[in-house]
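Coordinate inspection notes
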Amino acid sequence: MTGPQEAATRVVHLRRGGTSVVLRLDPEVLPCVLHWGSDLGDVRASELDGLLLAARLPESDSVMYRQEAVSILPQHSTGWLGRPGLLGSRDGTAWSVAFEHVTHRVDEAGTDGWPDGPDGAARLVSIGTDHACKLLVTTELRLLASGLVALRATVTNEGADRYEVNHLEPALPVPDAAQELLDMTGAHAHERVPQRHRFEAGQWMREAWGGRPGHDSATVLCAGTEGFGFRRGTVWGVHLGWSGNQVLSAERHTAGWRLLRGGERLLPDEGTIAPGTSYSSPWLYGSWGRGLDEFSARFHEYLRARPQHPTSPRPVVLNTWEAVYFDHDLPKLLELAEAAAALGVERFVLDDGWFHARRDDTAGLGDWHVDEDVWPDGLNPLVDRVHALGMEFGLWVEPEMVNLDSDLARAHPDWVLQTEHGPGLPARHQHVLDLGNPDAFAHVVDLISGLVKQYGVAYLKWDHNRPLVDAGHARTGRPSVHAQTAATYRMMAELKDRHDGLEIESCCAGGGRLDLGIMEYADRVWVSDCIDAHELHRLLRWTGLTLPRELLGTHVGAPTDHTTGRRLSLDFRAGSALFGHFGVEWDLTAAESGELDQLRTWIDRYKQERTLLHTGTVVNADLDVPGLELTGVVARDRGEALYRLSALEHTVTTPPGRLQLPGLDPDRLYLVTCAATTHAPDGVGVRPTMPWAREGVRMTGRLLEQVGVQAPALPVDALVLIRATAI
Ligand code: DGJ
């Protein structure tokens, strides 16, 4: 960082993790980004002034035709004609914010007033005062050690009456070179389908109104140079750290600006602030990279540096859902536990169906005590055996939800979120419990906490199966999506406070809630309800844009997938799950002994590889052969790497050409071998017969990345593992 640290500062340069952010600081305007992206090096103050001068526009009769700079919270009062960053009013007045003065303060980690936190960030805090509107508007931009930008805004009501914030959406500008947009869409059990189009004039807006990011969540909104890939082009993008209603948008304004922004979607009155109180937007995270791998690496590095990030070896999981569904039968579950332990499973998770009246999904949610009919001795016979077998015990819960057919809903109908028209449509026969109600909150947290204590639960699989529509407080009638989201965070935090070491998985009917807001509390996400290994390739690749692999729950399912009906070989299923937090979700009591032996081998392999897989750098190749996918993890010291080449479509029957292995140290020599071959269903074998695969080949990282090795021809839904070891 260079530049003085007071309000008169004109330009400030923040540098971290290969990223520079240069901001223009004016006495009456919130900060304006002059550069966000590649590290500019140690720039002298005079050069920064030059940068400012170089950005000046030709003289014109109106600043409104062409804005020289647009702030990180764009305001119409400065001449910006696009979407404002803040929109609100005091009963119809005070809706156009302008500042008499703005103070800017730059902090470096370790200096006064800015403790040296684990993120080693630089921070710019700017406070704009609008006396006429009686508002203070604060923006806070942090440049984290990984080069990730975190940005948020706060509005404080200095007046004597209420002020309603309608939206508060900070923005980051990207250069004109960003010609192409990328985000995700999808549906339940088919999440994170990438979509791309040109960054045309106008707005591209991706909203979530269901009280969670949702299965069609954009997840990220990226803008990059034409044809950008994982290792080609340059890309900038944003992600919102919030688990409730939200928007990510890209705006290309005719005045020449391209902005990426995001914020919470507030329902009526949710943004109303009483005198002396504030509303803050969620953190908007911005990353950039020479390709998506570098863009992702900034997220991964940031997440891994947090004190709460799981660092113990990620245990092999057995989850009971697709093995038994609601059919809870103690002997069968004990048999499953024995089979799991014999394979080396380390965490046994009892899924939905264990609590009062929960024989199917129509009843019981909210009654968080063990069903007396199915479990006459409580969960003890199972839990004791699981513990005796050396496994941790995990339990499924859905604390935010309630079935109307439950003792809880019958006793407290006013604890169900609702409007004047009642609780609205059910989804999966369920409604949402009002956790903003302190009584409802205390009731649920105490029951779940009691179970965790009684059964020594190490892990909660935390589901969330109904979107929050018609979600209002029964008594006040006011919308409660914001309050519910905040209460969910509080509940997760409180359970973790009460139970040291407790881990939580954010399940949300599969991948509906895996934003950086919930990841403050969750240790794993369930990436999708679809565990088909073929689909898992797409899910891992794109969920991995923000989350590192150790946080992504990936399970080996039954030979015929329960969601897609696709029949896949065990090697393909396990080799796919290997690249996440590995688990099994299959009725092992029905598996053949050969299959169990094969699965044990994969579990052993996962245990050998998990340190590399969960601490290394994720790489993805931009292969030009459609249907072939190469991903890998390179150790941080680049001493070794494990790659996976998969054929997901029928590609070619003759060898498909050279395979470049990315991410290695260009100057080191590596031994490259085929670590495993796998088989498509029905015994179609993969036998890489290239000499290098049989005998290994020694090549430098440079040659491997730039020239590559001959790729094997694979049948559809087959994969090979390739290992590179520095010698
Ligand atoms: C949806 C989850 O995603 C599944 O894994 C399972 O836990 C079911 N809910 C249980 O009802």
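On a predicted model such as this, the values are computed, not experimentally measured, just so you know. (Residues numbered from 1 in each chain as written. Predicted model: local features only at pLDDT ≥ 70, side-chain atom pairs only at ≥ 80, totals over all residues. Heavy atoms only, no water.)

It is worth spelling out the overall build of the protein chain at this point. Along the protein chain, the regular secondary structure elements total 13 helices and 38 strands. Radius of gyration (C-alpha) of the protein chain: 27 Å, near the 27 Å computed for a compact globule of 727 residues. Seen along its three principal axes, the alpha-carbon backbone of the protein chain occupies a region of about 80 × 70 × 45 Å. Put simply, 71% of the contacts in the protein chain that link residues at least 6 apart link residues at least 24 apart. Working note: accessible area of the protein chain is about 26,300 Å², and carbon and sulfur atoms make up 51% of it. Separation of charge centres in the protein chain, based on 68 positive and 99 negative side chains, amounts to 5 Å. (Helix = DSSP H or I, 4+ residues; strand = E, 2+ residues; numbered from the N terminus. Rg over C-alpha atoms; globule rule 2.2 N^0.38 Å. Contact = heavy atoms within 4.5 Å. Areas by Shrake-Rupley, 256 points an atom, 1.4 Å probe, with all protein chains shown as cover. Lys, Arg positive; Asp, Glu negative; His and termini not counted. Charge placed at Lys NZ, Arg CZ, Asp CG, Glu CD.)

This paragraph deals with the nonpolar core. Ranked by internal contacts, the top residues of the largest apolar core, which has 152 residues, are Trp354, Phe582 and Leu588. With eight residues, the top contributor of residues to this core is helix 7 (residues 438–455). Of all hydrophobic cores here, the second largest spans 26 residues; its members include Leu630, Leu645, Tyr670 and Trp692. (Core = buried A, V, L, I, M, F, W, Y, C linked by side-chain atoms within 4.5 Å. Buried < 20%, exposed > 50% of the residue type's maximum accessible area, 1.4 Å probe, protein only.)

This brings us to the sheet that holds strand 10 (residues 171–174). The strand order across the open sheet built from four strands is 10-17-16-13, with neighbouring strands paired in antiparallel fashion. Where the open sheet ends on each side, the last strands, each with one partner, are strand 10 and strand 13 (202–208). Neighbour-to-neighbour, the strand axes of the sheet open up by a mean angle of 15°, direction not taken into account. Looking at chain direction, strand 13 and strand 16 (residues 246–252) are connected through seven bridges and run antiparallel. (Pairing = 2+ DSSP bridges. Axes fitted to C-alpha atoms, helices over the stretch in contact; angles between N-to-C directions.)

Before going further, it helps to spend a moment on the sheet that holds strand 1 (residues 11–16). With antiparallel pairing, the three strands of this open sheet are ordered in space as 1-2-3. The open sheet has two edge strands, strand 1 and strand 3 (32–38), and neither has a second partner. With strand direction ignored, the average angle separating the axes of adjacent strands in the sheet is 15°. Of the strand pairs in this sheet, strand 2 (residues 19–24) and strand 3 are connected by six bridges, and their pairing is antiparallel. Within strand 3, the position partnered with serine 20 by the bridge is glycine 37. Across the face of the sheet, helix 1 (residues 45–54) comes into contact with strand 1, strand 2 and strand 3 while running at roughly 115° to strand 1.

We now examine unusual backbone geometry. Phi angles above zero are rare outside glycine, and alanine 189 is one such case at about 65°. Position of alanine 189 relative to the elements: it lies in the loop between strand 11 (180–187) and strand 12 (190–198). Non-glycine residue cysteine 508 carries a positive phi angle of around 55°. Locating cysteine 508 in the fold gives a position in the loop between strand 27 (503–506) and strand 28 (524–526).

Let us now look at the packing of aromatic side chains. Taken as a whole, this structure holds 13 aromatic pairs when the rule is applied. Ring centres of phenylalanine 355 and tryptophan 396 lie 5.9 Å apart, and the angle between their planes is 5°; on these two criteria the pair is classed as stacked. Of this pair, phenylalanine 355 sits in the loop between strand 22 (347–350) and helix 5 (380–388) while tryptophan 396 sits in strand 23 (residues 392–397); the two residues are 41 residues apart in sequence, bridging distant segments of the chain. In this pair, the class of phenylalanine 355 matches that of tryptophan 396, namely buried. (Phe/Tyr/Trp six-rings, centres within 6.5 Å; stacked < 30°, edge-to-face > 60°.)

Let us now look at the domain arrangement of the protein chain. The domains assigned to the protein chain are domain 1 (10–305), domain 2 (346–525) and domain 3 (619–726). Taking only C-alpha atoms, the centre of domain 2 and the centre of domain 3 are 43 Å apart. (Domains from an automatic or database assignment.)

So, on to helix 5. Buried within helix 5 are the following residues: Leu382, Val383 and Val386. The buried residues of helix 5 occupy one face: seen down the axis, they fall within an arc of 95°. Buried residues in helix 5 make contact with helix 4 (330–343), strand 22, strand 23 and helix 7. One or two steps after helix 5, the chain reaches glycine 390, where phi turns positive at roughly 85°. (Arc of directions from axis to C-beta.)

On the secondary structure map, glutamate 550 appears in the loop between helix 9 (533–543) and strand 29 (552–556). On the basis of relative accessibility, which here comes to 2%, the residue glutamate 550 falls in the buried class. A distance of 2.9 Å separates polar atoms of two side chains, one belonging to glutamate 550 and the other to histidine 309. Residues contacting glutamate 550, with those up to four places away along its chain left out, are Arg304, His309, Arg314, Asp523, His581 and His614. (Polar contact = N/O pair within 3.5 Å; in protein donor to acceptor, adjacent residues only side chain to side chain.)

For the structure shown, the criterion picks out 57 salt bridges. Across the pair aspartate 107 and arginine 105 runs a salt bridge whose closest N-O atoms are separated by 2.8 Å. For aspartate 107, a relative accessible area of 2% puts it in the buried group. Exposure remark for arginine 105: the relative accessible area of 43% places this residue in the partly exposed category. What you see here is one network of salt bridges that share partners, running through Arg83, Glu169, Glu207, Glu251, Arg261 and Arg265. (Salt bridge = Lys/Arg side-chain N within 4 Å of Asp/Glu carboxyl O.)

On to the environment of glycine 120. Looking at where glycine 120 falls in the secondary structure, it is placed in the loop between strand 5 (101–108) and strand 6 (122–130). A C-alpha to C-alpha distance of 35 Å links glycine 120 and leucine 435, two positions 315 residues apart in sequence. If we ignore the near neighbours within four places in the chain, the residues touching glycine 120 are Arg16, Ala109 and Ala145.

This part takes up the site of the ligand. As a matter of local geometry, the ligand sits amid 13 residues, with Asp351, Asp352, Lys461, Asp463 and Asp529 nearest to it. One of the side-chain nitrogen or oxygen atoms of lysine 461 is found 2.7 Å away from an oxygen atom of the ligand. In this structure, tryptophan 526 approaches the ligand through a side-chain N or O atom, which is 3.4 Å from an oxygen atom. In isolation the ligand offers 300 Å² of accessible surface; the protein chains occlude 98% of this area. (Near = heavy atom within 4 Å.)

A word on the environment of histidine 499. Position of histidine 499 relative to the elements: it lies in the loop between helix 8 (481–498) and strand 27. Under the relative-accessibility criterion, histidine 499 is labelled buried at 12%. Each C-alpha atom, one on histidine 499 and one on alanine 621, is 42 Å from the other, the two residues being 122 residues apart in sequence. With residues near it in sequence (within four places) discarded, histidine 499 still touches Ser449, Val452 and Lys453.

The element strand 17 (residues 258–264) is extensively covered by neighbouring structure, given that seven of its seven residues are classed as buried. Note: strand 16 against strand 17, seven bridges, orientation antiparallel. Paired with glutamate 251 across the strands is leucine 259, a residue of strand 17. From the end of strand 16 to the start of strand 17, which pair antiparallel, there are five residues, and glycine 256 there has a positive phi angle of about 100°.

What follows is about the packing of helix 10 (residues 570–577) against helix 11 (residues 593–615). Remark: helix 10 packs on helix 11, axes separated minimally by 10 Å, with the N-to-C direction vectors making an angle of 25°. Taken together, helix 10 and helix 11 sit at an angle that is classed as roughly parallel. By crossing handedness, the relation of helix 10 to helix 11 is classed as right-handed. Contacts between helix 10 and helix 11 involve Leu570, Asp571, Ala574 and Gly575 on the former and, on the latter, Glu595, Gln598, Leu599 and Trp602. (Parallel < 35°, antiparallel > 145°, perpendicular 65-115°, else oblique. Left-handed = near helix turned anticlockwise from the far one by under 90°.)

Counting buried positions over the five residues of strand 29 gives five, a clear majority of the element. Alternating positions in strand 29 separate into two faces, Leu552, Thr554 and Val556 on one and Gly553 and His555 on the other, with burial throughout. Relative to strand 29, strand 28 runs parallel, the two being bridged by two bridges. Opposite valine 525, over in strand 29, you have leucine 552 as the bridge partner.

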